Amino acid sequence: MRVFIVSDMEGVAGIVKWQQVTGGHAMYEEGRRLYTGEINAAVRGAKAAGATEIVVMDCHGAGEGWTFNSLMPEELDPDCEYVVQNEWTEHVEYLESGIDAALFVGMHAMAGTRDGVLAHTVSGSSWWRLRFNGTEVGETGINAALCGTWNCPVVLVTGDEAACREGRELLGDGLTTAAVKKGLGRFSARQYPAARARELIEDAARRSLGDLAAVKPYDPGSPCEILVDFNTSDHVERYRYRAGVEISASRQISSKADDWWTAWRQFYF
């Protein structure tokens, strides 16, 4: 069984402040240790379920050279491999080769979620709303659509309660979730200590891989329209001459194509 672990930092237990997820800040090193520990828990659970190949892809944009590179390599479980990509959603080679299931670790809720710890979508400073064929999504939806393009189901989401709820609403009740904290606001949470959070994630990862048919691969639909609403109007100007992309409102762009992956690549890269 081949497993893809897609990870982000904001949904990790113990993380509630931007300083913990921003490369170069003193608190970032604490965040990296907590982050790597939860990924290792998912790796252990996958191994217990019979995974024979596990690849981890860091999807956290920490800034500068730490972007998509927040893992602590020397602390990673030796039974996995990991990817450092230059652009988010750039690495698809592993998916193209045929993956049995994806596990999402450390997810956060979409922008505007009241009980979402560090909630945002792609960029907290510029993106306000994202929709795939009319369905509002966050980063769980983006990563799920990426996996679904190559028929890979997402069987696990871990993070705060809001992220887990968002995952179930998008992917269905067959999704296994592990909530390691409850948001009390955007920068506060009631949460489990690291050891307990890791136990929950390891158990959930193992259980989630017991039934790969519990969740269907996510497909936003074909043809596909992606709508991005920005916080301010200046953000749309960079797309003025981008093929396949229209400025559909003063703070909105629309990317249309026959499938999600084409529509995404038209504007994101």
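These lines cover the structure that appears in this document, whether it is placed above or below. Note that the structure is a prediction, hence the values are computed from the model and not measured. (Residues numbered from 1 in each chain as written. Predicted model: local features only at pLDDT ≥ 70, side-chain atom pairs only at ≥ 80, totals over all residues. Heavy atoms only, no water.)

On to the overall build of the protein chain. Secondary structure assignment for the protein chain yields six helices and 12 strands. At 17 Å, the protein chain has a C-alpha radius of gyration in line with the 18 Å of a compact globule built from 269 residues. Referenced to the eigenvectors of the C-alpha coordinate spread, the extents of the protein chain come out at roughly 50 × 40 × 35 Å. For the protein chain, buried positions account for 54% of its 269 residues. For the protein chain, restricting intrachain contacts to residue pairs at least 6 apart in sequence, the fraction spanning at least 24 positions comes to 69%. In the form shown here, the protein chain has an accessible surface area of approximately 11300 Å², with 45% of it arising from carbon and sulfur atoms. Counting 26 positive and 38 negative side-chain charges, the protein chain places the averaged centre of each group 6 Å from the other. (Helix = DSSP H or I, 4+ residues; strand = E, 2+ residues; numbered from the N terminus. Rg over C-alpha atoms; globule rule 2.2 N^0.38 Å. Buried < 20%, exposed > 50% of the residue type's maximum accessible area, 1.4 Å probe, protein only. Contact = heavy atoms within 4.5 Å. Areas by Shrake-Rupley, 256 points an atom, 1.4 Å probe, with all protein chains shown as cover. Lys, Arg positive; Asp, Glu negative; His and termini not counted. Charge placed at Lys NZ, Arg CZ, Asp CG, Glu CD.)

A volume near 360 Å³ is recorded for the largest pocket. Partitioned by chemical class, the residues of the lining of the largest pocket number eight nonpolar, eight polar and three charged. Estimates place the volume of the second largest pocket at around 210 Å³. Contributing to the lining of the second largest pocket are 14 residues, with V122, W127, R238, Y239 and Y268 lying nearest its centre. Classifying every residue of the lining of the second largest pocket gives nine nonpolar, three polar and two charged. (1 Å grid on protein atoms, 1.4 Å probe; cavity = no way out; pocket = protein on both sides within 12 Å on 5 of 7 lines; lining within 4 Å. Points joined across faces, edges and corners; volume = space filled by probe spheres on them. Nonpolar A, V, L, I, M, F, W, Y, C, P; charged D, E, K, R; others polar.)

Here we have five strands laid out as an open sheet, ordered β6-β5-β10-β12-β11, and antiparallel in their pairing. Looking at the sheet topology across the chains shown, the edges are occupied by β6 (135-136) and β11 (245-249). Taken strand by strand, helix α6 (residues 260-268) contacts β5 (127-132), β10 (224-230), β11 and β12 (252-257), and its axis lies near 140 degrees from that of β12. (Pairing = 2+ DSSP bridges. Axes fitted to C-alpha atoms, helices over the stretch in contact; angles between N-to-C directions.)

With that settled, the discussion passes to the sheet that holds strand β9 (residues 188-191). The sheet built from seven strands is open, its strands ordered β3-β2-β1-β4-β7-β8-β9 with mixed pairing. The open sheet is flanked by β3 (81-83) and β9, the only strands paired with a single partner. Neighbour-to-neighbour, the strand axes of the sheet open up by a mean angle of 25 degrees, direction not taken into account. Bridging between strand β7 (residues 154-160) and strand β8 (residues 176-185) involves five bridges; their strand directions are parallel. Opposite L156, over in β8, you have T176 as the bridge partner. The sheet contacts of helix α1 (residues 28-48) involve β1 (2-7), β2 (53-58), β4 (101-107) and β8, and relative to β2 the element is tilted by about 155 degrees. Along the sheet face, helix α3 (residues 139-149) touches β1, β4 and β7 and points at about 165 degrees away from the line of β4.

With respect to the element layout, D115 can be found in the loop between β4 and β5. For the pair D115 and I226, spaced 111 residues apart in the sequence, the C-alpha separation amounts to 25 Å. Beyond its immediate chain neighbours, meaning those up to four positions away, D115 contacts D160, A162, R165 and G183. One polar contact links D115 to R165, side chain to side chain, over a distance of 2.9 Å. (Polar contact = N/O pair within 3.5 Å; in protein donor to acceptor, adjacent residues only side chain to side chain.)

Note the cis peptide between S222 and P223, where omega equals -5 degrees. Even without glycine at this site, E64 takes up a positive phi of about 50 degrees. Mapped onto the elements of the fold, E64 is located in the loop between β2 and β3. By relative accessible area, E64 is classed as exposed at 72%. Its identity is not glycine, yet V122 carries a phi of approximately 65 degrees, on the positive side. Tracing the chain through its elements places V122 in the loop between β4 and β5. On the accessibility criterion, V122 (23% relative accessible area) is partly exposed.

All right, on to the packing of aromatic side chains then. The final tally for this structure, using the stated rule, is 18 aromatic pairs. Where W88 meets Y268, the ring centres are 6.0 Å apart and the plane angle is 80 degrees; that geometry is what we call edge-to-face. In this pair, W88 sits in the loop between β3 and α2 (93-96) while Y268 sits in helix α6, placing the two residues 180 residues apart along the sequence. Judged by its relative accessible area of 5%, W88 falls in the buried class. Ring centres of F132 and W260 lie 5.8 Å apart, and the angle between their planes is 65 degrees; this geometry places the pair in the edge-to-face category. Residue F132 is found in strand β5, and its partner W260 is found in helix α6; the two are separated by 128 residues along the sequence. Taking relative accessible area as the criterion, F132 reaches 1% and is therefore assigned buried. By way of ring pairs, the aromatic residues W88, W127, F132, W150, F230, Y239, W260, W261, W264, F267, Y268 and F269 are connected into one cluster. (Phe/Tyr/Trp six-rings, centres within 6.5 Å; stacked < 30°, edge-to-face > 60°.)

Read these as geometric descriptors, not functional statements.
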